[in-house]
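# Summary of the model geometry
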Amino acid sequence: MKALTLKKYHKSAPVIEFSDVPKPTIKPNEMLIQVYAAGLNPIDNMIPTGTFKPILHFKLPATLGSDLAGIVTEVGSQVTRFKPGDAIFASIFDLGIGSLAEFAVVPESAAALKPANLDFVQAASIPMVGLTAWQALKERANLKAGQKVFIPAGSGGIGTFAIQLAKHLGATVATTTSTHNVELVRSLGADTIVDYKKQAFEAELNNYDAVLGTTRGDTIEKSINILKPGSKIISLVGPLDAAFARARKLNGILAFVFGLMSLKINRLSKKKGVDYSFLFVRPDSSQLSEISKLLEAETIKPVIDKVFPFEHAKQALAYLAEGHAKGKVVVKIHD
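Here we summarise the structure given alongside this text. (Residues numbered from 1 in each chain as written. Predicted model: local features only at pLDDT ≥ 70, side-chain atom pairs only at ≥ 80, totals over all residues. Heavy atoms only, no water.)

As a further point, take the overall build of the protein. The helix and strand inventory of the protein stands at twelve helices and 16 strands. By the compact-globule yardstick of 20 Å for 335 residues, the protein fits well, its C-alpha radius of gyration being 19 Å. Seen through its C-alpha atoms, the protein measures out along the principal axes to roughly 55 × 45 × 35 Å. For the protein, the proportion of its 335 residues judged to be buried stands at 54%. The contacts of the protein with a sequence gap of at least 6 include a subset with a gap of at least 24, amounting to 68%. Carbon and sulfur atoms provide 52% of the accessible area of the protein, an area that totals close to 14,600 Å². (Helix = DSSP H or I, 4+ residues; strand = E, 2+ residues; numbered from the N terminus. Rg over C-alpha atoms; globule rule 2.2 N^0.38 Å. Buried < 20%, exposed > 50% of the residue type's maximum accessible area, 1.4 Å probe, protein only. Contact = heavy atoms within 4.5 Å. Areas by Shrake-Rupley, 256 points an atom, 1.4 Å probe, with all protein chains shown as cover.)

Right, dumping it as structure tokens:
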């Protein structure tokens, strides 16, 4: 079968090529999926640079991609919730396997039935951003109705989903975007919109209960000033912290290094009485099933910027890396 594979890590020029690879075999708790579409995420571009090499363990050549939607073609002996012919969607991030291929292996614990009202491209755009927003806003932040949350980069892949989920939870949402994306984020439910080309969010916002860190640079440090004591920052972009190292049972050296990396943000946070944590999303079929209900009810709608054919998957990754996508970028693999 054909797959887009990482052959060699490199910070600026990783070796990524299409390869003919054997169709994967499944374990008792896994399913073989014919992939119809694969959603792309920023980390799919970061992995080939070696940024997460100490944390994510791939055996090269490794198939790239984390999100997928497709049809079950084979189930393992221990699989009870799915059968051949079922349409599913899933995130297989952090499982050492990839989705940018004609077939992929998906553990039963990572999959949910595809929302009936979405096509495969729409469904493939959801898993990682949906689970990330769910785990950040519901689990970590415990966001409640009436609270205020700041979600920077509202027109991006995570932002477009997180704004809608936060509004569903009853929160007041502030976001940043450029001038030409103001109407998009407003249509998703954003209450306060800061045009980052004209305004500084830290001068416009105050007394917030949570921040979802989605952008690199000094945004997270600046966001401390808009929070009230007892609030939370959940970062998706770092810095990594010692708690993350302990949760993944990494060695003491990495825990020490990550502790140093997060020293400044933790010091600034504690001074303001704010809790900082780094979030690494995990696959979760039960959460994905709950997200599916929101999609079927059209409480949340997919936002897709561009769809690429499978043969242009490398171009799709390059387009995503430019950082201008409004919503998600998806690769269509099978009609």
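Once that is clear, we can look at the sheet that holds strand S1 (residues 2–8). The strand order S2-S1-S4 describes an open sheet built from three strands, whose pairing is antiparallel. The open sheet has two free edges, formed respectively by strand S2 (15–20) and strand S4 (62–63), since each of these has just one partner strand. (Pairing = 2+ DSSP bridges.)

This part takes up the packing of helix H3 (residues 127–140) against helix H11 (residues 285–296). Look at H3 against H11: their axes get within 10 Å of each other, and the N-to-C directions meet at 100°. As judged from the angle between their axes, H3 and H11 are roughly perpendicular. From H3, Pro-127, Gly-130, Leu-131, Trp-134, Gln-135 and Glu-139 reach across to H11, where they touch Gln-287, Leu-288, Glu-290, Ile-291 and Leu-294. In the contact of H3 with H11, the residues fall into six nonpolar, three polar and two charged. (Axes fitted to C-alpha atoms, helices over the stretch in contact; angles between N-to-C directions. Parallel < 35°, antiparallel > 145°, perpendicular 65-115°, else oblique. Nonpolar A, V, L, I, M, F, W, Y, C, P; charged D, E, K, R; others polar.)

The subject of this paragraph is the nonpolar core. Ranked by size, the top nonpolar core spans 81 residues in total, and within it Val-149, Leu-165 and Phe-280 carry the most contacts. Ranked by the residues each element gives to this core, the list is headed by H3, at seven residues. In contact with Phe-280, other than residues within four places in its own chain, are Ile-43, Phe-52, Ile-55, Leu-56, Phe-93, Asp-94, Phe-244 and Arg-248. Membership of the second largest hydrophobic core comes to 33 residues, among which are Leu-6, Ala-38, Leu-68 and Ile-88. (Core = buried A, V, L, I, M, F, W, Y, C linked by side-chain atoms within 4.5 Å.)

Let us look at the environment of Leu-184. Along the chain, the position of Leu-184 falls in helix H5 (residues 182–188). Residues Leu-184 and Ala-69 lie 115 residues apart in sequence; the distance between their C-alpha atoms is 25 Å. Beyond its immediate stretch of four places on either side in the chain, Leu-184 contacts Ser-155, Val-303 and Lys-326.

A word on the packing of aromatic side chains. Applying the stated criterion across every chain, the model contains ten aromatic pairs. With centroids separated by 5.3 Å and ring planes inclined at 85°, the aromatic side chains of Phe-18 and Phe-310 adopt a geometry described as edge-to-face. A residue pair is termed long-range when its members are at least 10 positions apart, and Phe-18 in strand S2 and Phe-310 in the loop between strand S15 (304–309) and helix H12 (313–321) qualify at 292 residues. Judged by its relative accessible area of 29%, Phe-18 falls in the partly exposed class. In this structure, Lys-2 is placed above the aromatic ring of Phe-18, and the distance from its NZ or CZ to the ring centre is 5.2 Å. (Phe/Tyr/Trp six-rings, centres within 6.5 Å; stacked < 30°, edge-to-face > 60°. Lys NZ or Arg CZ within 6 Å of the ring centre and 35° of its normal.)

What follows covers the side chain of Asp-284. By secondary structure assignment, the location of Asp-284 is in the loop between strand S14 (275–278) and H11. At 2.6 Å, the side chain of Asp-284 forms a polar contact with the side chain of Ser-286. A polar contact is formed between the side chain of Asp-284 and the backbone nitrogen of Gln-287, at a distance of 2.9 Å. In contact with Asp-284, other than residues within four places in its own chain, are Ser-109, Leu-131 and Gln-135. (Polar contact = N/O pair within 3.5 Å; in protein donor to acceptor, adjacent residues only side chain to side chain.)

Next up on the list: the pattern of salt bridges. A complete count under the given rule lists 14 salt bridges for this structure. Note that Arg-282 and Glu-139 form a salt bridge whose closest N and O atoms lie 2.8 Å from each other. Taken together, the positions of Arg-282 in the loop between S14 and H11 and Glu-139 in helix H3 put the pair 143 residues apart, joining distant regions of the chain. Among the residues examined, Glu-139 registers a relative accessible area of 40% and is labelled partly exposed. Among the salt bridges present, the one from Glu-183 reaches Arg-186, with a minimum N-O distance of 2.6 Å. Taken as a pair, Glu-183 and Arg-186 lie in helix H5 at a separation of three residues, close to a single helical turn. Judged by its relative accessible area of 42%, Arg-186 is partly exposed. Each of Glu-139, Arg-282 and Asp-284 takes part in a single network of salt bridges with overlapping partners. (Salt bridge = Lys/Arg side-chain N within 4 Å of Asp/Glu carboxyl O.)

Any functional reading would require information that these geometric values do not contain.
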